Amino acid sequence: MELTPDLQEDFDIVVRRNPGEAEFHQAVREVLESLGPVVSKRPEYGEMGIIPRICEPNKQIIFKVNWQDDRGRVHTNRGFRVQFNSALGPYKGGLRFHPSVYLGIIKFLGFEQIFKNALTGMPIGGGKGGSDFDPKGKSDNEIMRFCQSFMTELAGHIGHDIDVPAGDIGVGGREIGFMFGQYKKLTGRYESGVLTGKGLDWGGSRARTEATGYGTVFFAEEMLKLSGESFDGKKVVVSGSGNVAIYALEKVNQLGGTVVAMSDSSGYIVDESGIDLAQMQELKEVRRGRISEYADANPSARFISDGMIWDVPCEIALPCATQNELNIGGARALIGHGCTLVAEGANMPSTPDAIRAFTSNGVRFAPGKAANAGGVATSALEMQQNASRDSWSFEHTEERLHDIMVGIHERCWATAEEYGAPGDYVLGANIAGFIRVADTMMALGVI
């Protein structure tokens, strides 16, 4: 899609200032492509330089992380925290530990987080962090030593009213525990609200583990309701087999759908009888095994090491693995076998040409900044509980999560209609999130 001349100039500046950061460029362009009607209607945004300001992180923190493995060898990794925008509240966003991590990945995630967090209606800004450390194959003690070293470098930049990290790929409850312990030791304070995704016994929120996967399914459920449909009886493909994918599987099951395929980096499994939730949880959350082992234990399942999970026929697709996993080939495969709805559980998992293929072929499409906002929304609920020294039931937290996802869907739908593009969730999410942040930036002045 063509940008207006002013927006093209803004985008060119982003590319020039951030060379080689392809994912960040992609995320910025995807938002700017939606904003033409807004900047035309609200010229004050241009006069106050809102778009160049919102595209430039407030702070970019890069640090080295030295740690020792179990054999006594010393390793050096690179750590990042990008504090992107705090107009609405303290920076909020996860930490990703994966060898693919570099500054461009963190900036794309942080930029997306600004608008995702704004859509929740919660008072949280956008940020992201992580490291190129690979937790795969590491012992618990190696993970602990890395996390302690990482937090030693990060601790001076975060706080419950400053920046509140959480988990992401490669960072779960184990890693959050090690980092919180080190933060507590360094500061001498039991500052529960400095990290979210904590264990239930020490400040965590019930339903936080489930929140992103549940939230994605809740959003898709609202999309289905508009045409009088539900998940009941639907075949669903879920990419990934981590936290988001597993709890998307659980919620799809609860709503009457059948997840017939899941994946990891080694390939994917197909089980037409439905993926067994308990077995998948034991495999991935306890044994941390490869997804092929599921097929080894289930005669009804088969493992495929090549090709695409999107070749599996389904009515609903939930990409829940990683960025740019669903390309034009995958989109054409989904369209070809009659998929009618795609909701992103991961951050920017669909490439721009895949999104265009979906929208031009009548496939309902929900972008990650809307559909996967349940995780950060529940993190904000965890912050509320920490601030009041309270703990809510699973049922109460899930109800709040459901209400937030329904509200996000309503905002995206209504905004798309207001700007002449009914049913365009990408435009609706981008504009609704942008306006909330931009108006607050205007109110706070040039700072």
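Structural data are supplied above this passage.
Quick look at the structure, then. (Residues numbered from 1 in each chain as written. Predicted model: local features only at pLDDT ≥ 70, side-chain atom pairs only at ≥ 80, totals over all residues. Heavy atoms only, no water.)

## Comments concerning the overall build of the protein
Of the regular secondary structure elements, the protein holds 18 helices and 12 strands. Here the protein has a C-alpha radius of gyration of 21 Å; the compact-globule value for 447 residues is 22 Å, and the two agree. For the protein, the spread of C-alpha atoms along the three principal axes comes to 60 × 55 × 45 Å. Of all 447 residues assigned to the protein, the portion counted as buried reaches 57%. Of the contacts made within the protein by residues no fewer than 6 positions apart, 71% connect residues no fewer than 24 positions apart. Total accessible area computed for the protein in this model is approximately 17,300 Å², and 50% of it derives from carbon and sulfur atoms. Distance from the positive charge centre (44 side chains) to the negative charge centre (57 side chains) of the protein: 6 Å. (Helix = DSSP H or I, 4+ residues; strand = E, 2+ residues; numbered from the N terminus. Rg over C-alpha atoms; globule rule 2.2 N^0.38 Å. Buried < 20%, exposed > 50% of the residue type's maximum accessible area, 1.4 Å probe, protein only. Contact = heavy atoms within 4.5 Å. Areas by Shrake-Rupley, 256 points an atom, 1.4 Å probe, with all protein chains shown as cover. Lys, Arg positive; Asp, Glu negative; His and termini not counted. Charge placed at Lys NZ, Arg CZ, Asp CG, Glu CD.)

## Structural notes on the sheet that holds strand E4 (residues 125-131)
Paired through their backbone hydrogen bonds, the strands of a sheet run either parallel or antiparallel. Here we have five strands laid out as an open sheet, ordered E1-E2-E4-E3-E5, and mixed in their pairing. Each of the sheet's edge strands pairs with one partner strand only, and the pair in question is strand E1 (59-68) and strand E5 (163-167). Each strand of the sheet is rotated relative to its neighbour by a mean of 20 degrees, with strand direction disregarded. Where strand E3 (residues 91-97) and E4 come together, five bridges link them in parallel fashion. (Pairing = 2+ DSSP bridges. Axes fitted to C-alpha atoms, helices over the stretch in contact; angles between N-to-C directions.)

## Things to note about helix H14 (residues 352-360)
All of the buried residues in H14 are Ala354, Ile355, Ala357 and Phe358. The buried residues of H14 occupy an angular sector of 160 degrees when the element is viewed end-on, so they sit on one face. The inward-facing, buried residues of H14 abut helix H13 (328-336), strand E11 (341-343), strand E12 (364-366) and helix H18 (425-444). Following H14 by one or two positions, Gly362 has its phi on the positive side, about 75 degrees. (Arc of directions from axis to C-beta.)

## A short note on the packing of helix H9 (residues 208-225) against helix H17 (residues 394-418)
Between H9 and H17, the least distance of the axes is 9 Å, while the angle of their chain directions is 45 degrees. Overall, the two elements H9 and H17 adopt an arrangement that is oblique. Read as a crossing pair, H9 and H17 show a hand that is right-handed. Between H9 and H17, the residues in contact are Glu210, Ala211, Tyr214, Gly215, Phe218, Phe219, Glu221, Glu222 and Met223 and Phe394, Glu398, Leu401, His402, Met405, Val406, Ile408 and His409, respectively. (Parallel < 35°, antiparallel > 145°, perpendicular 65-115°, else oblique. Left-handed = near helix turned anticlockwise from the far one by under 90°.)

## Notes on the packing of H17 against H18
Packing of H17 against H18 leaves a shortest axis separation of 7 Å and a crossing angle of 100 degrees. As the angle between them shows, H17 and H18 are arranged roughly perpendicular. From H17, His409, Arg411, Cys412, Trp413, Thr415 and Ala416 reach across to H18, where they touch Tyr425, Leu427, Gly428, Ala429, Ile431 and Ala432. Counted by class, the contact of H17 with H18 contains eight nonpolar, three polar and one charged residues. (Nonpolar A, V, L, I, M, F, W, Y, C, P; charged D, E, K, R; others polar.)

## Concerning the pattern of salt bridges
If you walk through the whole model with that rule in mind, you get 26 salt bridges. Note that Glu44 is salt-bridged to Arg42, the shortest N-O span being 2.5 Å. For Glu44, a relative accessible area of 24% translates into the label partly exposed. A relative accessible area of 24% places Arg42 in the partly exposed class. By sharing partners, the salt bridges in this structure join Glu30, Glu112 and Lys369 into a single network. (Salt bridge = Lys/Arg side-chain N within 4 Å of Asp/Glu carboxyl O.)

## Digging into the pairing of strand E10 (residues 316-319)
Burial along E10 is two-sided: Ile316 and Leu318 and Ala317 and Pro319, pointing in opposite directions, are all buried. For strand E6 (residues 235-239) and E10, the ladder comprises four bridges, and the chain directions are parallel. Of the residues in E10, the one forming a bridge with Val238 is Leu318. With two bridges connecting them, E10 and E11 associate as parallel partners. Residue pairing in the sheet places Ile316 in a bridge with Leu341 of E11.

## Here we look at the nonpolar core
What tends to happen in soluble globular proteins is that the nonpolar side chains get buried as a cluster. Membership of the largest hydrophobic core comes to 56 residues, with the highest contact counts inside it found for Phe219, Met262, Met280, Leu318 and Ile408. Beyond its immediate chain neighbours, meaning those up to four positions away, Leu318 contacts Thr216, Val217, Val236, Val237, Val238, Ser239, Ala248, Val252, Trp310 and Ala343. (Core = buried A, V, L, I, M, F, W, Y, C linked by side-chain atoms within 4.5 Å.)

## Structural notes on the sheet that holds E6
Within the open sheet, the seven strands sit side by side as E9-E8-E7-E6-E10-E11-E12. Their pairing is mixed. In this open sheet, the two strands that pair with only one neighbour each are strand E9 (301-304) and E12. The sheet shows a mean angle of 15 degrees between the axes of neighbouring strands, direction not considered.

## Structural notes on the side chain of Glu21
With respect to the helices and strands, the residue Glu21 is situated in the loop between helix H1 (5-17) and helix H2 (22-32). Glu21 gets classed as buried once you look at its relative accessible area, which sits at 9%. Look past the residues within four positions of Glu21 in its chain and what remains in contact with it is Tyr102, Leu103, Gly104 and Lys107.

## Structural notes on H13
Residues of H13 that are buried: Gly330, Ala331, Ala333 and Leu334. Taken around the axis of H13, the buried residues stretch over an arc of 160 degrees, which confines them to a single face. The exposed set on the far side of H13, more than 90 degrees from its buried face, consists of Arg332 and Gly336. In this fold, the buried residues of H13 make contact with E10, E11 and H14.

## Quick notes on unusual backbone geometry
Peptide bonds are mostly trans, and most non-glycine residues show a negative phi. With a phi angle near 55 degrees, Asn324 is a residue other than glycine that sits in the positive phi range. Take Asn324: it is sitting in the loop between E10 and H13. On the basis of relative accessibility, which here comes to 27%, the residue Asn324 falls in the partly exposed class. In this structure, Met348 takes a positive phi of about 50 degrees despite not being glycine.

## Describing the packing of aromatic side chains
Summed over the entire model, instances satisfying the criterion amount to 20 aromatic pairs. Every member of this aromatic cluster is reached through a ring pair, and the members are Phe63, Trp67, Phe97, Phe133, Phe146 and Phe150. The ring of Phe11 carries Arg29 above its face, with NZ or CZ at 5.3 Å from the centroid. The ring of Phe133 carries Lys138 above its face, with NZ or CZ at 5.2 Å from the centroid. (Phe/Tyr/Trp six-rings, centres within 6.5 Å; stacked < 30°, edge-to-face > 60°. Lys NZ or Arg CZ within 6 Å of the ring centre and 35° of its normal.)

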